[in-house]
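Residues per chain are reported as follows:
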Amino acid sequence: MPQDLSLDTVEELAHARVQDCYQCGKCSAGCPIVERMDNLPNQLLRLLQLGRIERAAASAAIWECVSCMTCTTRCPKAVDCAGLLDALRQLSIEHGFASPAQRRTILFQRAFLDNIRRNGRLAELELVRQFKMQGFLDDLSVPQLFKDALLGPQLLRRRKLHLRPRRVKDRKLVGRIFARCQANGEKP
Amino acid sequence: MEIGYYPGCALHGSSNDYEMSVRACLAALGVRLRELDDWICCGATAAHSLNHKLAVALPARNLGLAERDGMEELLAPCPMCSMQLMKARRLLFANDALQQEISAIVELDVRGTTQVCNLIQIFQQVGYERIQQAATQQLGEFRPACYYGCLLTRPPGVVQFDDCEHPQSMESLLSELGAAPVEWNYKTECCGAGMTMANEATVLELGHRILSNAAAHGANCLVVACPMCHVNLDMKQAAINQRYSAEHDMVVYYLSDLVGLALGLAPAALGIPRHFVVRK
């Protein structure tokens, strides 16, 4: 069940209050990828203030954000703008607004967490394999599938690739931690 | 001096040149690293984005291990790890109910008593003056652009380190060792961090801007203290050149590389020849 597209949901997910924002625009002025955004960070905040949650969550801009936290750091009213975009991404996925290209960010993060659940620590090769396969099944893009293939040998030559990653001893414990954190309905 | 050590996944993975550099450099300064037994991943951006409880529990398990083993301080040379550990520690400290809930989840009593620090803070503890006295080589040929990226100074309320708009800690250290750090504009701009795989176009654009600004201000190398910054600016430099028809030829050092060189260590002992961009 997707969560409600309401301001309450957004604020609860982000632990932030959008009414605190007085539209000074400092978040947008410092954002490193602002020229890629259809709605600038302060405009996203304004949409939320006006209750236009769906328009904010369906905005392409939220998928350009790199979570550098410059906006949050500089906000004179201490609004966690980066956290709000995090919440909007979560809602966008749940309501199916995100395109395949946009979904890649989330696919990567899901593959990452799944990897940690199984190994306790990141097994990089396995992550790349899983992310590439899932991405391919999602958008059927062959260039994307083989994009980084040439890096493999270069990493191997520099002894930067581990064919057998060092996993944690107590992997069952890691599984239990994941199970308990997911018990309250938050999806991995 | 002995200190707890949390390598994190990157330093045990493709950024093992960073671990080599940190270990060699700190050993030369007489700092012994005691690796945290059976540490687990901090969850990085993924846990933070997808499951808020996990984002506290994963770092908290590591804090609990450090407390159990009596570590007063824990070094995490990756700023993503150190920020996540510091954030969890702060949350547990402020909220008794959360502290009890998370302790039950991770099967260890976690109180948040172990201090977490980044690599620069270890150098500060050793003392810049002491490092300078131990140095055998002058770094006069280096004009580094010191690059802090996002997580060494952000969010300032969590990491409480240096000035989040105009940090100076790396410049001060390298100046002591004879280097001539340049003033430039992009020291706290983002390189795209963990987006390397999922959103490469953004990473290449941000990297191109950072490298261009460093060169325009007369830098002959970049200095970082983050494995992700190194991947995006060193490993991806060829891809940046291709995308933007640029000719960046900027060596990217870890901070411990330059300190190690000043201490008289060989480049190979610091893993420098294993970078993608190397000095001709």
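Being a predicted model, the structure only gives us computed values, none of them experimental.

### A short note on the overall build of chain B
Next, step 1: Broken down by element type, chain B carries 14 helices and seven strands.
Next, step 2: Along the first, second and third principal axes, the C-alpha atoms of chain B reach 55 × 45 × 30 Å.
Next, step 3: Within chain B, the proportion of its 280 residues that are buried is 59%.
Next, step 4: Across chain B, contacts joining residues at least 24 apart in sequence account for 78% of those joining residues at least 6 apart.

### Structural notes on the overall build of chain A
Next, step 1: Of regular secondary structure, chain A possesses eleven helices and zero strands.
Next, step 2: Over its C-alpha atoms, taken along the principal directions, chain A stretches across nearly 50 × 35 × 30 Å.
Next, step 3: Put simply, chain A has 188 residues, and 39% of those count as buried.
Next, step 4: Summarising the internal contacts of chain A: among those between residues at least 6 apart in sequence, 65% fall at separations of at least 24.

### Some details on the nonpolar core
Next, step 1: By size, the foremost hydrophobic cluster in this structure holds 154 residues, and its most contacted members are L84(A), A57(B), L222(B), V223(B), V224(B) and L258(B).
Next, step 2: A per-element tally of this core places helix 4 (residues 52-68) of chain B first, with nine residues.
Next, step 3: Once residues lying within four places of it in the same chain are set aside, the contact partners of L222(B) are P144(B), A145(B), Y147(B), A214(B), L233(B), M250(B) and V252(B).

### Digging into unusual backbone geometry
Glycine aside, the phi torsion of most residues is negative, and most peptide linkages are trans.
Next, step 1: R154(B) connects to P155(B) through a cis peptide bond whose omega is -10°.
Next, step 2: Within the element layout of this structure, P155(B) appears in the loop between strand 5 (144-146) and helix 9 (156-159).
Next, step 3: Phi is positive for R159(A), which is not a glycine, with a value near 55°.
Next, step 4: Mapped onto the elements, R159(A) comes out in the loop between helix 10 (151-157) and helix 11 (171-182).
Next, step 5: On the basis of neighbour count, R159(A) is assigned to the partly exposed category, with 13 C-beta atoms found within 10 Å.

### What to know about the sheet that holds strand 5 of chain B
Residue and element names in this part refer to chain B.
Next, step 1: Read across the sheet, three strands follow the order 5-6-7 without closing on themselves; strand pairing throughout is parallel. At either margin of the open sheet sits one strand with a lone partner, and together these are strand 5 and strand 7 (251-254). Neighbouring strand axes in the sheet, compared pairwise and without regard to direction, differ in orientation by 30° on average.
Next, step 2: Here three bridges tie strand 5 to strand 6 (residues 221-224), and the two strands are oriented parallel to one another. Residue pairing across strands places C146 opposite V223, the latter belonging to strand 6.
Next, step 3: On the sheet, helix 10 (residues 169-176) packs against strand 5 and strand 6 and is oriented at approximately 150° with respect to strand 5.

### Here we look at the sheet that holds strand 4 (residues 115-117) of chain B
Residues and elements named next belong to chain B.
Next, step 1: As summarised here, the arrangement of the four strands in space is 2-1-3-4, forming an open sheet in which the pairing is parallel. Each of the sheet's edge strands pairs with one partner strand only, and the pair in question is strand 2 (32-35) and strand 4. Within this sheet the neighbouring strands show an average axis-to-axis angle of 40°, counted without direction.
Next, step 2: As paired strands, strand 1 (residues 2-5) and strand 2 are joined by four bridges and run parallel to one another. Across the sheet, G4 pairs through a bridge with R34, a residue of strand 2.

### Focus on helix 5 (residues 79-94) of chain B
An α-helix turns once per 3.6 residues; consequently, residues spaced three or four apart project the same way.
Next, step 1: Here helix 5 of chain B spans 22 Å end to end across 16 residues, near enough to the 22 Å set by a 1.5 Å rise per residue.
Next, step 2: Burial within helix 5 of chain B is extensive, with twelve of its 16 residues counted as buried.

### Some thoughts on the interface of chain A and chain B
Next, step 1: Listed by partner, the interface residues are 43 residues for chain A and 40 residues for chain B.
Next, step 2: Going through the elements one at a time, helix 5 (70-74), helix 6 (81-94), helix 7 (100-119), helix 8 (124-139) and helix 11 of chain A are the ones with two or more residues in the side of chain A that touches chain B.
Next, step 3: Considering each element in turn, the side of chain A that touches chain B owes the most residues, eight residues, to helix 7 of chain A.
Next, step 4: Among the residues forming the side of chain A that touches chain B, the class breakdown is 20 nonpolar, eight polar and 15 charged.

### Comments concerning the environment of A216(B)
Residues and elements named next belong to chain B.
Next, step 1: By the element assignment, A216 lies in helix 11 (residues 200-216).
Next, step 2: Note on A216: 13 C-beta atoms within 10 Å, which makes it partly exposed.
Next, step 3: A216 sits 141 residues away from L75 along the chain, and the two C-alpha atoms are 34 Å apart.

### Here's the deal with the domain arrangement of chain A
Next, step 1: The domain boundaries assigned to chain A delineate domain 1 (7-94) and domain 2 (100-182).
Next, step 2: Distance between the C-alpha centres of domain 1 of chain A and domain 2 of chain A: 28 Å.

### Some details on the environment of R103(A)
Next, step 1: Within the element layout of this structure, R103(A) appears in helix 7.
Next, step 2: A residue is classified by how many C-beta atoms lie within 10 Å of it, and R103(A), with 20 of them, is buried.

### Re the confidence of the model for chain B
The predicted structure's coordinates, where accompanied by low pLDDT, should not be read in detail.
Next, step 1: Summary statistics for chain B give a mean pLDDT of 95 and a share of 100% for residues scoring 70 or more.
Next, step 2: This complex was scored by the predictor with a pTM of 0.93 and an ipTM of 0.91.

### Section: helix 14 (residues 255-262) of chain B
Residue and element names in this part refer to chain B.
Next, step 1: Burial runs high along helix 14: eight of the eight residues are buried.
Next, step 2: Within helix 14 the residues assigned to the buried category are L255, S256, D257, L258, V259, G260, L261 and A262.
Next, step 3: Positioned one or two residues after helix 14, G264 has a phi angle of 95°, which is positive.

Conventions and cut-offs
- Here the residue numbering is sequential within each chain, running from 1 through the sequence in written order.
- By the order in which they are written, chains take letters starting at A while ligands take numbers starting at 1.
- Where local features are concerned, this predicted model is filtered to residues with pLDDT of at least 70; where side-chain atom pairs are given and counted, the filter is 80 or more; whole-chain, interface and lining totals use all residues.
- Each helix is a run of DSSP H or I of at least 4 residues and each strand a run of E of at least 2, with the numbering of both proceeding from the N terminus.
- Once C-beta atoms are placed from the backbone, each residue is buried if 20 or more other C-beta atoms lie within 10 Å of its own, exposed if 12 or fewer, and partly exposed for counts between those two.
- Distance between backbone-placed C-beta atoms decides contact: two residues are in contact if it is within 7 Å.
- The term nonpolar core refers to a group of buried residues, namely Ala, Val, Leu, Ile, Met, Phe, Trp, Tyr and Cys, whose C-beta atoms join them within 7 Å.
- At least two DSSP bridges between two strands are required for those strands to pair.
- To get an axis, fit a line to the C-alpha atoms, keeping to the stretch in contact for a helix; angles then go from 0 to 180 degrees between the N-to-C directions.
- In this scheme, a helix's expected span is set at 1.5 Å multiplied by one less than its residue total.
- We call Asp, Glu, Lys and Arg charged. Ala, Val, Leu, Ile, Met, Phe, Trp, Tyr, Cys and Pro are nonpolar, and the rest, Gly among them, are polar.
- Start and end points for every domain follow an automatic or database-based domain assignment.
- Values of pLDDT, ranging from 0 to 100, describe the predictor's confidence in every residue of the model.

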